[in-house]
Amino acid sequence: MENQTNKKGTLVAIITMMFLFAMISFVTNMAAPFGTIWKQHYEWAGMMGNMMNFAAYLFMGIPAGMMITKHGYKKTALVALALGFIGIAIQYGSSRMDGNAISTYVVYLLGAFVCGFCVCILNTVVNPMLNLLGGGGNRGNQLIQTGASLNSLAATLTPMVAGSMIGEITKGTSLKAVTPLLLIALVIFAASFVIVWFTQLTEPETEKSDVIGGIKGALGYRQLVLGIIAIFFYVGVEVGIPGQLLFYLSEPIAEGGVLGSAAIAGLIAGIYWLLMLVGRFVSAFISGKVSSRTQLTVTSALAIVLLLVAIFMSETSKMSLTIPNIAESTWIEAEVPTKVLFIILCGICTSVMWGVIFNLATEGLGKYTATASGLFMTMVVGGGVMPLIQNLMATKIGDINSYWLIVGMLAYMLFYALIGSHPSKKA
């Protein structure tokens with residue numbers, strides 16, 4: 001009877017973590033489509049919302065790990081959901097302000113920053129808990145990939161829905177266009193808080209330790225040190241690929257753009273996230289048999305090849321894409337450069353990278369796992385820093401040439417898969 005109760009508690013904990021995994025993506029992926037609005041008014045502003053979202057990781061990563069150690073996973077998750085509600089409420093307030101004034105933008109960025117604290121804490125909770133509930137190893141990675149599938153589903157729908165609300169971008173387009181989405185987000189956060197509050201979770205044990213000692217102990221493992229660098233680059237890759245693609249496709253045609261429509265750009269970017277969903281779904285089945293190291297090696301190498309093809313392919317080569325228009329329940333035909341296909345195909349590759357890097361970086365850390373997760377999440381700030389650098393590069397050398405930065409980061413991940421991820425403590 002006790003064994004059945006423990007199994008039921010573990011199952012409830014796993015399902016709850018899966019749901020929170022989807023919440024992370026829902027919040028994070030609003031930033032890029034919102035950025036297509038602000039870019040028309042302030043050229044430098046396109047990825048700043050995303051930057052603020054990820055900048056919070058730099059400040060909250062380690063404290064989040066400490067919160068888990070002191071208060072447990074459930075209480076920490078509740079704090080995160082409360083912060084998410086506040087952050088969305090601030091962004092909703094900015095959507096009711098004076099159009100595209102700089103003061104409105106500042107309030108929006110503040111909301112994005114608070115939301116960043118939310119998703120950082122949720123990430124710190126969800127990943128180690130799923131890994132530990134699965135017993136680590138391939139099974140732990142399998143649970144992370146399953147949760148990541150729901151994460152990708154939310155990531156697929158968010159830019160599609162936001163893009164359909166924004167439509168064709170003009171100088172008069174403002175956050176008022178996405179007010180309904182922000183209201184939906186408020187309801188989801190409130191409901192999530194209530195659900196987690198009343199859910200009885202069976203939590204993995206965490207060993208109490210002093211902060212400095214925990215950090216020193218965790219950093220004594222080489223695979224973690226090199227792994228947090230890998231995750232810094234990975235999140236930059238995951239966000240930068242579809243983020244810059246949104247700008248590339250939504251740029252007004254009069255200014256040399258390809259489509260000039262945020263709606264269609266959002267739908268195409270949504271295909272990237274849909275492919276991530278497919279990749280994570282497949283990985284959830286194969287991760288019990290195929291090692292994390294093998295998955296990271298194959299996907300990072302393939303992504304490099306796909307992007308090199310996209311960079312060198314001529315823009316005169318065109319293809320037609322048939323994509324779903326969720327808002328109107330119809331299909332849209334769009335003619336785009338063929339290189340766009342190779343860029344969105346990278347979604348298959350990036351789909352598994354988060355889970356396998358986390359799995360490889362924390363393997364064998366035992367009591368330092370919670371602390372390591374906090375360090376890990378601190379470096380997720382790369383999802384704000386690297387796409388911002390890429391966006392600034394794009395203004396100088398062009399959208400497609402900015403993907404050279406992505407290629408460089410993928411090369412490091414290939415190194416980590418082949419050499420840097422082998423477990424060993426530093427001398």
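Here the residue index of a chain counts from 1 through its sequence in written order. Only residues with pLDDT of at least 70 get local features here, since the model is predicted, and only at 80 or more are side-chain atom pairs given and counted; chain-wide, interface and lining totals rely on the full set of residues. As a rule here, side-chain values come from all non-hydrogen atoms in the structure, and water together with hydrogens is ignored.

The chain carries the name MFS transporter in an unreviewed UniProt entry, which gives Prevotella fusca JCM 17724 as its organism.

Asks: So what about the layout of surface pockets? Which residues, and what values?
Replies: Buried and open spaces are told apart on a 1 Å grid over the protein atoms alone, a cavity being a set of points where a 1.4 Å probe fits but cannot get out and a pocket being an open set with protein on both sides within 12 Å along at least five of seven lines. Residues with an atom within 4 Å of a point are the lining residues. Grid points are joined across faces, edges and corners, and a volume is the space filled by probe spheres set on the points. Within this model, the second largest pocket holds a volume of roughly 220 Å³. Going along the chain from the N terminus, every DSSP run of H or I of four or more residues is numbered as a helix, and every run of E of two or more is numbered as a strand. At the level of elements, α1 (2–28), α6 (137–166) and α7 (179–198) are the ones that each hand at least two residues to the lining of the second largest pocket. Looking at the lining of the second largest pocket residue by residue, the classes come out as 10 nonpolar, 1 polar and no charged. Amino acids outside the nonpolar list (Ala, Val, Leu, Ile, Met, Phe, Trp, Tyr, Cys, Pro) and the charged list (Asp, Glu, Lys, Arg) are all regarded as polar, and Gly is one of them.

Asks: Any details on the packing of helix α3 (residues 48–71) against helix α16 (residues 382–397)? Residues and values, ideally.
Replies: Taken N-terminus to C-terminus, the directions of α3 and α16 make an angle of 155°; their axes are 7 Å apart at the nearest point. In terms of axis orientation, α3 runs roughly antiparallel to α16. Along the contact surface, α3 presents M48, N50, M51 and F54, while α16 presents G383, G384, V385, P387 and L388. Residues of the contact of α3 with α16, tallied by class, amount to 6 nonpolar, 3 polar and no charged. Fitted lines through C-alpha atoms give the axes, limited to the stretch in contact for helices. The angle between two N-to-C directions lies from 0 to 180 degrees. What sets the label is the angle itself: under 35 degrees gives roughly parallel, over 145 gives roughly antiparallel, 65 to 115 gives roughly perpendicular, and the rest give oblique. The contact rule is simple, with two residues in contact once any of their heavy atoms fall within 4.5 Å.

Asks: Tell me what's going on with the nonpolar core, and back it up with residues and numbers.
Replies: Joining through side-chain atoms within 4.5 Å is the link that ties buried Ala, Val, Leu, Ile, Met, Phe, Trp, Tyr and Cys residues into a set, and such a set is a nonpolar core. When a residue's accessible area, from a 1.4 Å probe over protein chains only, is under 20% of the maximum for its type it is buried; when over 50% it is exposed; and in between it is partly exposed. Core analysis: the largest hydrophobic core is formed by 132 residues, its most contacted members being W354 and I357. Here the bounds of each domain stem from an automatic or database domain assignment. Here this core spans two domains, since at least three of its residues come from each of domain 1 (1–208) and domain 2 (211–426). Residues contacting W354, with those up to four places away along its chain left out, are F21, N123, N127, I144, I231, Y234, V235, R280, F376, M377 and V380.

Asks: Tell me what's going on with α3, and back it up with residues and numbers.
Replies: An ideal rise of 1.5 Å per residue puts 34 Å on 24 residues; α3 measures up with 33 Å between its terminal C-alpha atoms. Fitting axes to the seven residues that end at a residue and to the seven that start at it, the angle between those axes gives the bend at that residue. Residue M60 marks the point of greatest curvature in α3, where the axis turns by about 55°; the proline P63 follows within four residues. With its phi angle positive at about 90°, G72 sits one or two positions after the end of α3. By definition here, a helix of n residues has an expected span of 1.5 Å times n minus one.

Asks: Now, about the packing of aromatic side chains: what can you tell me, with residues and values included?
Replies: Think of it this way: a Phe, Tyr or Trp ring, Trp meaning its six-membered ring, pairs with another when their centres are within 6.5 Å, and the plane angle makes it stacked under 30 degrees, edge-to-face over 60, tilted otherwise. The full count for this structure, using the stated rule, is 9 aromatic pairs. Each ring, one from Y412 and one from F415, has its centre 5.5 Å from the other, and the planes form 50°; the classification is tilted. Of the two residues, Y412 and F415 are both situated in helix α17 (residues 403–420); the distance of 3 residues between them amounts to about one turn of the helix. Classification of Y412 by relative accessible area gives buried; the value is 16%. Residue F415 is classed as partly exposed on the basis of its relative accessible area of 32%. Cluster of aromatic residues (ring-pair linked, three or more members): F232, F233, Y412 and F415.

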